[in-house]
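# Results of the structural survey
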Amino acid sequence: MATYADRARIPLRVSRETLGIAAGLLVVYLVWGSVYVAIRYVVETVPALLSIGLRYVVAGALLAAYVAARRGPGRLRADRRAVLGCLLLAVLLQVLTNGTTTWAEAAGVQAGPAALLTALAPIAIVVLRLGTGDRPGAVTWVGVIVGFAGLAVLILGGRAVPGFPLWPSLLIVASAGCWAVGSFLQPRLWLPESASATTAYQLLAGGLVLTVAGVASGERTDFHFPVETWWVLGYLTVSSVVSYTAYVWLLRHAPISLVSTHAYVNPVVAVLLGWAWLDEPITWPVVAGGAVVLVAVGLVMAERRSLPEEPPVT
């Protein structure tokens with residue numbers, strides 16, 4: 001039997017994949033939490049759909065060029081099924097989720113509330129998993145019910161304070177459902193072998209759709225923005241490349257229940273940054289409704305972590 005001294009000399013080994021999962025989660029936690037605040041800042045001077053569409057196009061092109069230069073053009077190869085898979089994900093994640101959220105923030109939804117409303121995505125994933133034969137336990141169903149209660153507090157209570165216009169807020173709730181569908185489908189779709197290629201195609205396709213939608217809706221810009229706005233746009237562009245690559249990689253290497261924990265970390269980051277940077281008030285619906293939503297997501301995640309996970313489909 002090894003003594004304490006012997007055990008102390010045994011190196012602690014952590015697999016590269018475990019370190020990668022931890023690093024990927026940290027990126028998604030912090031970057032996506034800050035993105036809500038950065039978007040809220042940008043849409044004060046830049047048309048909403050053009051602001052996200054153009055930066056997605058730039059981000060996708062930069063990522064594709066990097067992959068081709070670093071690993072060869074063949075790394076970007078994708079057959080028709082893989083391209084269609086990327087296009088479907090781009091519509092669900094980039095367009096219907098992030099495009100809608102950006103438009104809603106331009107319509108008056110503050111960064112913290114937007115992040116809290118989006119946090120309902122894991123609850124929608126529970127409903128989607130019913131179609132795979134998954135039967136959630138009592139704790140999960142309590143979490144679902146509590147989540148809807150938190151949503152009611154946010155929406156109904158928020159109507160009496162700034163930062164919660166009704167219809168834009170409801171659109172963000174719908175966008176959370178689109179994000180859940182995209183996250184649920186992604187491990188089950190035929191996609192390019194490279195996570196970076198998948199991300200590049202999603203960003204390019206989503207960016208083109210959003211840019212066309214912005215122009216079609218009458219958005220125009222002369223690109224004469226303040227220097228600070230250009231810096232924030234640059235941050236958002238780089239964060240699109242880094243965070244989506246991390247997210248796609250995580251969905252291939254970690255259980256979706258673990259990846260979905262970003263839903264109750266991002267809102268905390270967004271609320272605190274919105275208060276510190278944009279002077280957004282932390283109102284009682286944000287505190288009360290947000291706390292209820294995060295408790296609900298925690299309940300859902302707690303039971304999922306105690307159950308065996310389906311292996312990721314690549």
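As a starting point, this report considers the structure included with it. Note on numbering: residues in each chain are counted from 1, in written sequence order. Per-residue local features are limited, in this predicted model, to residues with pLDDT of at least 70; the limit for side-chain atom pairs, both in listing and counting, is 80 or more; totals at the level of whole chains, interfaces and linings are taken over all residues. Where side-chain values are given, they derive from all heavy atoms of the structure, hydrogens and water being excluded.

### Things to note about helix α4 (residues 80-106)
Quick note on the threshold: What we call the bend at a residue is the angle made by axes fitted to the seven residues finishing there and the seven residues starting there. Comment: elements are numbered from the N terminus, with helices defined as DSSP H or I runs of at least four residues and strands as E runs of at least two. Polar contact is defined as a pair of N or O atoms within 3.5 Å, subject to the rule that within protein one atom must be able to donate a hydrogen and the other to accept it, and that residues adjacent in sequence are counted only when both atoms are side-chain atoms.
The largest bend along α4 measures about 35° and falls at Ala90. Of the residues flanking the start of α4, the one acting as N-cap is Asp79, its side-chain oxygen 3.3 Å from the backbone nitrogen of Arg81.

### Let's talk about a nonpolar patch on the surface
Going by this rule: Patch criteria: residues need more than 30% relative accessible area and no salt bridge. Like-charged residues are merged within 9 Å; nonpolar side chains of Val, Leu, Ile, Met, Phe, Trp and Tyr are merged within 5 Å. Surface accessibility in these figures is a Shrake-Rupley result with a 1.4 Å probe; residues are shielded only by whichever protein chains are displayed. Each salt bridge in this description consists of a side-chain nitrogen of Lys or Arg and a carboxyl oxygen of Asp or Glu lying within 4 Å of one another.
A surface patch of nonpolar side chains, about 470 Å² in accessible area, is lined by Val268, Leu272, Trp275, Ile282 and Val287. Here the element with the most residues in the nonpolar patch is helix α12 (residues 266-278); it accounts for 3 residues. Structurally, the position occupied by Trp275 is in helix α12.

### Digging into the packing of aromatic side chains
To keep things clear, this is the line we draw: Here the aromatic set is Phe, Tyr and Trp, taking the six-membered ring for Trp, and pairing holds for ring centres within 6.5 Å; pairs whose planes are under 30 degrees apart are stacked, those over 60 apart are edge-to-face, and all others are tilted. For every residue, the accessible area obtained with a 1.4 Å probe (protein chains only) is divided by the maximum for its type, and the residue is called buried under 20%, exposed over 50%, and partly exposed between those limits. Cation placement over rings: the criterion is NZ of Lys or CZ of Arg within 6 Å of the ring centroid and within 35° of the ring normal.
This model, assessed by the stated rule, comprises 6 aromatic pairs. Plain terms: the ring middles of Trp32 and Trp179 are 5.3 Å apart, the flat faces sit at 85° to each other, and that makes the pair edge-to-face. Within this pair, whereas Trp32 is found in helix α2 (residues 16-42), its partner Trp179 is found in helix α8 (residues 166-185), the two being separated by 147 residues in sequence. Note on accessibility: Trp32 and Trp179 belong to one class, buried. Pairwise contacts between aromatic rings join Trp32, Trp179 and Tyr247 into one cluster. Its guanidinium or amino end placed over the ring of Trp190, Arg81 lies 3.8 Å from that ring's centre, counting from NZ or CZ. Positioned above the aromatic ring of Phe184 is the side chain of Arg188, whose terminal nitrogen or guanidinium carbon lies 4.1 Å from the ring centre.

### Thoughts on the packing of α2 against helix α10 (residues 227-253)
In plain terms, the rule: Simply put, an axis is a line fit to the C-alpha atoms, just over the touching stretch for a helix, and the angle between two N-to-C directions goes from 0 to 180 degrees. By the definition used in this description, the sense in which the near helix is turned from the far one sets the handedness, with an anticlockwise turn below a right angle giving left-handed and a clockwise turn giving right-handed.
Where α2 contacts α10, the axes come no closer than 8 Å and their chain directions differ by 145°. Handedness of the crossing formed by α2 with α10: left-handed.

### Some points on the packing of helix α5 (residues 111-118) against α12
Rule in force here: Should an angle fall under 35 degrees it is called roughly parallel, over 145 degrees roughly antiparallel, and 65 to 115 degrees roughly perpendicular, with every other angle called oblique. Note on contacts: a residue pair qualifies if any of its non-hydrogen atoms lie within 4.5 Å across the two residues. Each residue gets one label: Ala, Val, Leu, Ile, Met, Phe, Trp, Tyr, Cys and Pro are nonpolar, Asp, Glu, Lys and Arg are charged, and the others, such as Gly, are polar.
Relative orientation of the contacting elements α5 and α12 amounts to 170°, with a least axis distance of 8 Å. Of the possible angle classes, the one that applies to α5 and α12 is roughly antiparallel. When α5 is examined against α12, the residues Ala111, Gly112, Ala115 and Leu116 are found in contact with a partner set consisting of Asn266, Pro267, Ala270 and Val271. Taken together, the residues of the contact of α5 with α12 sort by class into 6 nonpolar, 2 polar and no charged.

Note that all results are geometric; they support no functional claim without further evidence.
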